[in-house]
Amino acid sequence: MMRFILPFVIFLVLSVFLYKGLGRDTREVPSPLVGKPAPAFVLPLLHEPGKVFSPKEMQGRVWLLNVWASWCGACKDEHPVLMALSQQNIVPIVGLDYKDKAVDGEATLKKAGDPYSLVIADADGKVGFDYGVYGVPETYVIDKNGIIAYKLIGALTSQNLREKILPLVAELQAK
Amino acid sequence: MKYLLMIALLLPTFAFAGVAKDIADDPVMERRMMHLAEKVRCLVCQSEPVSNSHSDWSNDVRQIMRDKMKAGATDQEILDLLVERFGKSVLFDPPVDKETMPLWSAPFILLLLGGAGLYYQLRKRRGEVVEAELSAQDELRAASLLNESPALLDPLPQAGEEANVSLRDAPSKDIKA
């Protein structure tokens, strides 16, 4: 009897592991920054390079930091989602134009619409590196105390917005 | 005039030489950087080290490594910085800690399990294989069969092979004893 049960149990255990492996996206590296303070920076605004923005200014508010670029294809997919979100006026969205030419970034927003409360320009990608960005788009949810609560790698969709990000924002705002 | 044109043709070459110099600035540091970059996974291309990758992100990481090295950071400090930003999975050899313990201990656990299985099987087998006691008659038969066999195997025994034959006989003597 044992000789039949044992291989079957081994088969079952292996199947569970392999099945879990199938569903995993190896690109989704869990960010070590979640639960930590958002790295500080001072960056010029895309539209008014004379002015600067620093995350400190958002203290006391829940906000989204959306990393995008004019050269990024998936950003075009999430653009309508961002537009719809900005119209609902639920949460301020700060756009970080990552490794982009200011001219290209501005042209893109002028053409497609600007969903951002404000846009900052990270021309050399140094701030992106501090935030652990390794591809665009990425979206961070940052709480009232400036702690990173969540990091989304990849495009925003109405689904992950509805299921994950908006409930989290509501929860953090209520705190 | 001809010579002037020839000199003019060479001008762009000088320009390129100037650009390339930037990276090869300090060959010792460049080698140290590449050595360190071999330990870092390119997150965009997954299975490739940063040292081999041509992706934009890997370029950035290499540049940051150069900058930090120029600023006097040790290799470990640079790796720590990368882990802090991108998580432990940027390292090809993840550090041994609470989270990676199952990963690191898995080979030893499997070895132990295999060893235990082998030990169990061998114990079981020892019970099964009973060394049969031979009766005197059987022993005689066995001896005669064994004695015959060299002749059967070797149809033309020659004088020079005597030593060999006696060697073959040796085991049967043991059985008799």
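Residues numbered from 1 in each chain as written. Chains lettered and ligands numbered in written order. Predicted model: local features only at pLDDT ≥ 70, side-chain atom pairs only at ≥ 80, totals over all residues.

**Regarding the overall build of chain B**
Part 1 of the reasoning: Along the backbone of chain B there are seven helices and zero strands.
Part 2 of the reasoning: Across chain B, helices and strands are ordered from the amino to the carboxyl terminus as α-α-α-α-α-α-α.
Part 3 of the reasoning: The burial tally for chain B puts 10% of its 177 residues in the buried class.
Part 4 of the reasoning: A separation threshold of at least 6 residues defines the contact pool for chain B, and within that pool the share at least 24 residues apart is 44%. (Helix = DSSP H or I, 4+ residues; strand = E, 2+ residues; numbered from the N terminus. Buried ≥ 20, exposed ≤ 12 C-beta atoms within 10 Å, placed from the backbone. Contact = placed C-beta atoms within 7 Å.)

**A few points about the interface of chain B and chain A**
Part 1 of the reasoning: Counting residues at the interface gives 11 residues for chain B and 11 residues for chain A.
Part 2 of the reasoning: Among the elements of the structure, helix H3 (56–70) and helix H4 (75–86) of chain B are those that each provide at least two residues to the side of chain B that touches chain A.
Part 3 of the reasoning: Looking at the side of chain B that touches chain A, its residues break down into five nonpolar, three polar and three charged. (Nonpolar A, V, L, I, M, F, W, Y, C, P; charged D, E, K, R; others polar.)

**Digging into the confidence of the model for chain A**
Part 1 of the reasoning: Per-residue confidence for chain A gives a mean pLDDT of 91; residues scoring 70 or more make up 97%.
Part 2 of the reasoning: Across chain A, the secondary-structure element scoring lowest on mean pLDDT is helix H1 (residues 2–23) of chain A, at 87, and the one scoring highest is strand S3 (residues 63–68) of chain A, at 96. (pLDDT = per-residue confidence, 0-100.)

**Topic: the confidence of the model for chain B**
Part 1 of the reasoning: Within chain B, residue pLDDT values average 77, and 72% of them lie at 70 or more.
Part 2 of the reasoning: Interface confidence in the predicted complex, given as ipTM, is 0.73; pTM for the same model is 0.66.

**Quick word on the packing of helix H2 (residues 27–37) of chain B against H3(B)**
Residue and element names in this part refer to chain B.
Part 1 of the reasoning: Between H2 and H3, whose axes approach to 10 Å, the crossing angle comes to 125°. Classified by the angle between their axes, H2 and H3 sit oblique to one another. For the crossing formed where H2 meets H3, the hand is right-handed. Contacts between H2 and H3 pair Met 29, Arg 32, Met 33, Leu 36 and Ala 37 from the former with Arg 62, Met 65, Arg 66 and Met 69 from the latter.
Part 2 of the reasoning: Each residue belonging to the contact of H2 with H3 can be placed in one class, and the counts come to six nonpolar, no polar and three charged. (Axes fitted to C-alpha atoms, helices over the stretch in contact; angles between N-to-C directions. Parallel < 35°, antiparallel > 145°, perpendicular 65-115°, else oblique. Left-handed = near helix turned anticlockwise from the far one by under 90°.)

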